[in-house]
Amino acid sequence: MAGNSQRRGAIRKGGKGATVGSGGQNKRALKGKGPTPKAVDREYHAAHKRAKAAAKRAASPGGRPGAPRGTGGARPARRSKTATEMVAGRNSVVEALRADVPVSSMYVATRIDSDDRVRESLKLAAGRGLPILETPRSELDRLTDGAVHQGIALQVPPYDYADPHDLIDPEAPGVPLVVALDGITDPRNLGAIIRSVAAFGGHGVVVPERRSVGMTASAWKTSAGAAARIPVAKAANLTRTLEDFKKAGFFVIGLDMEGDVELPELALSDSPLVVVTGSEGKGLSRLVRETCDQIVSIPMSSSVESLNAGMATGVTLYEIARQRRAR
């Protein structure tokens, strides 16, 4: 026992082994050091380095907080969600190809179960020299955003819109005739209107950038090929664009059920014209209505409340063409 006591004492005094108990000697080490600093305040933490780099970019000329590296402080332009369009499904694909809708490539699922529609689609695509890409179904699901593609899809390139001022062309044959759309959101109406513009000697269509339909595959298909001949222009501000047409010598008429004059009595048909068609629900917007030189209505039977936008525009263009031929 005495030997063991000496051994324990030797351990305490030697300093080379573990000391049994602190006896209060390390009391200071047990004191708390306060709350843990935030990650951004720790010098060697990644969050601190990112914040420091962001502050440096913000301080540089032309810099802006949060701007990605390599952009000179400017945020990259957002890519339009409607830059390209996917047409999915066997019926939709074959109909789009039959209508000569512009296509950049065709996607076909690996080991697709072929039928008449698939075979015709492949034949039409091959005849047009389109790239035909075989791809897994999971990739087709992603490309079509989960649509029912039935193993086949087309990628439609973005439409090349004209500038509205391109439609103010004194060299154009005949008396200028342009259609502007105010709040039309159905692509089939747009396609039908383009077809009517082509049929009755019109020179182009203007659509607003916001709250309006664009040139989709459905609009192209409904136009029955007329979209290849009739330019569609996109206006940043429709009211301002109509004012530009008026300054160039055009008269602007709007279609509405409660018009100043009925269509057969229109006296401006032999002048350069912009015909404005409003949405089926709200009609012409207030600013567009105030910009029009005249509001024209189509006489109808009391049993019919109204025509849809495509039909109303077609009837108006026919009457304008008829009056121009008669004069």
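Q: Help me out: how do you make sense of the packing of aromatic side chains in this one?
A: Ring pairs (aromatic) are described by centroid distance and by the angle formed between their planes. For the structure shown, the criterion picks out four aromatic pairs. For the pair Tyr159 and Trp220, a centre-to-centre distance of 6.4 Å together with 65° between the ring planes defines the contact as edge-to-face. Note that Tyr159 is positioned in the loop between strand E4 (152–156) and strand E5 (177–182) and Trp220 in helix H7 (residues 217–222), a separation of 61 residues in sequence. With a centroid separation of 5.9 Å and an interplanar angle of 70°, the aromatic rings of Phe200 and Tyr318 are classed as edge-to-face. Residue Phe200 is located in the loop between helix H6 (187–199) and strand E6 (204–208), and its partner Tyr318 is located in helix H10 (residues 309–326); the two are separated by 118 residues in the primary sequence. Judged by its relative accessible area of 40%, Tyr318 falls in the partly exposed class. Lying over the aromatic face of Tyr161, Lys234 brings its terminal NZ or CZ to 4.1 Å of the ring centre.

Q: Where do I start with the packing of helix H3 (residues 90–98) against helix H4 (residues 116–127) in this structure?
A: When two helices pack together, their arrangement is captured by the angle between the axes and the distance separating the axes. Packing of H3 against H4 brings their axes to within 9 Å, and their N-to-C directions diverge by 35°. Note that H3 runs across H4; the crossing there is left-handed. Between H3 and H4, the residues in contact are Arg90, Asn91, Val93, Val94, Leu97 and Arg98 and Arg117, Val118, Glu120, Ser121, Leu124 and Ala125, respectively. Across the contact of H3 with H4, the residue classes tally to six nonpolar, two polar and four charged.

Q: Looking at this structure, how should I read the confidence of the model for the chain?
A: Do not read the predicted coordinates in detail wherever pLDDT is low. For the chain, per-residue confidence averages 81 on the pLDDT scale, and 73% of positions sit at 70 or higher. The element-level mean pLDDT for the chain is lowest in helix H1 (residues 2–14), coming to 45, with strand E2 (residues 105–109) highest at 97. Confidence over residues 1–16 falls short of pLDDT 50; this stretch has one contact with residues more than four positions distant or in other chains. In this model, residues 60–82 is a region of pLDDT below 50 whose contacts with residues beyond four sequence positions or in other chains number 21 contacts.

Q: Would you mind showing me how to read the packing of H6 against H10 here?
A: At their nearest, the axes of H6 and H10 sit 8 Å apart, and the two run at 10° to each other. For the element pair H6 / H10, the angle class is roughly parallel. Along the contact surface, H6 presents Asn189, Ile193, Ser196 and Val197, while H10 presents Ala309, Gly310, Thr313, Gly314 and Leu317. Classifying every residue of the contact of H6 with H10 gives four nonpolar, five polar and no charged.

Q: Explanation requested: the sheet that holds E5 in the structure shown.
A: Either a parallel or an antiparallel arrangement is found when strands of a sheet pair, and the pairing is made through backbone hydrogen bonds. Ordered in space as E7-E6-E5-E10-E8-E11-E9, the seven strands form an open sheet in which the pairing is parallel. Strand pairing shows two members of the sheet lacking a second neighbour, strand E7 (232–235) and strand E9 (261–262), which therefore form its edges. Relative to strand E10 (residues 273–278), E5 is paired through six bridges, and the arrangement is parallel. Residue pairing for E10: Val179 is matched across the bridge by Val275. Relative to the sheet, H6 contacts E5, E6 and E7, its axis offset from that of E6 by approximately 155°. Packed onto the sheet, H10 meets E5, strand E8 (251–255) and E10 and runs at close to 160° relative to E10.

Thresholds applied
Residues numbered from 1 in each chain as written. Predicted model: local features only at pLDDT ≥ 70, side-chain atom pairs only at ≥ 80, totals over all residues. Heavy atoms only, no water. Phe/Tyr/Trp six-rings, centres within 6.5 Å; stacked < 30°, edge-to-face > 60°. Helix = DSSP H or I, 4+ residues; strand = E, 2+ residues; numbered from the N terminus. Buried < 20%, exposed > 50% of the residue type's maximum accessible area, 1.4 Å probe, protein only. Lys NZ or Arg CZ within 6 Å of the ring centre and 35° of its normal. Axes fitted to C-alpha atoms, helices over the stretch in contact; angles between N-to-C directions. Left-handed = near helix turned anticlockwise from the far one by under 90°. Contact = heavy atoms within 4.5 Å. Nonpolar A, V, L, I, M, F, W, Y, C, P; charged D, E, K, R; others polar. pLDDT = per-residue confidence, 0-100. Parallel < 35°, antiparallel > 145°, perpendicular 65-115°, else oblique. Pairing = 2+ DSSP bridges.

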